[in-house]
Amino acid sequence: MRQILAFLFAITVAFCCACHVNVAPDPRVEKAVLWAQSIAKDASHGYSQGAENASAKHPYTGSREGPDYDCSSLAYHAVTAGGFPVIDAWQKSEAFMKRYAGQQYSGDSDTLRDDLPASGPFEIIPYKEGVMKLQRGDVLYAKGHVAIYIGDGKTVEARGVQNPRGGDWVTGDQGGEIDFYEAAGRPWLEIYRFKR
């Protein structure tokens, strides 16, 4: 039974990856993707939710706004690097003051849903409807997590120290904290896509 399930999963992943649309992204979207990829390739950037959010169980150091990032701050900074004022949209939102009394520079994974459309022509697509047509630069959302789709079935994302490759709580990447991962088989709920 396990072999059959593994086989079916492999076929599903191969089919999904083969069906992704390789549309050349808008130059701003491409710039955002390249920025995120450069962060993932540079081991001086690791995962942190910020020293201000540290606890005994999660002894974060540094900042979540660079050189370390969490999943949402990586997405906010990437989209901003592409030329979309998503951090400005966050700081003008009601949630900015309500959640953090104006103290968190970039928003959370769930605030991207409102902040991206406020910063440019982004649309929200249910993942089940868009999974077969993923495009480079799509922001994938799961409850409490976001990633940037880079094509060929891969994402770039900040996954922290509980990722498949390791990691540590100090500044910089000690293994897979910000890296490239498979998009398939994950609990994605929505796609945030730039509309041409």
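Each value, and the rule that gives it
Residues numbered from 1 in each chain as written. Predicted model: local features only at pLDDT ≥ 70, side-chain atom pairs only at ≥ 80, totals over all residues. Heavy atoms only, no water. Pairing = 2+ DSSP bridges. Helix = DSSP H or I, 4+ residues; strand = E, 2+ residues; numbered from the N terminus. Axes fitted to C-alpha atoms, helices over the stretch in contact; angles between N-to-C directions. Contact = heavy atoms within 4.5 Å.

### A few points about the sheet that holds strand 2 (residues 139-142)
Strands sit in the order 1-6-2-3-4-5 across an open sheet of six strands; the sheet is antiparallel. For this open sheet the edge positions go to strand 1 (122-126) and strand 5 (178-182), each flanked by a neighbour on one side alone. Between one strand axis and the next, the sheet turns through 30° on average, direction left out of account. With five bridges joining them, strand 4 (residues 154-158) and strand 5 adopt antiparallel strand pairing. Its bridge partner lying in strand 5, Thr-155 is registered against Tyr-181. On the sheet, helix 2 (residues 27-41) packs against strand 3 (145-151), strand 4, strand 5 and strand 6 (190-194) and is oriented at approximately 110° with respect to strand 5. Where helix 6 (residues 112-119) meets the sheet, its contacts fall on strand 1, strand 2, strand 3 and strand 6, and the angle it forms with strand 1 comes to roughly 145°.

### Let's talk about the environment of Ala-78
Locating Ala-78 in the fold gives a position in helix 3 (residues 71-81). In sequence terms Ala-78 and Ile-148 are 70 residues apart; their C-alpha atoms lie 9.0 Å from each other.

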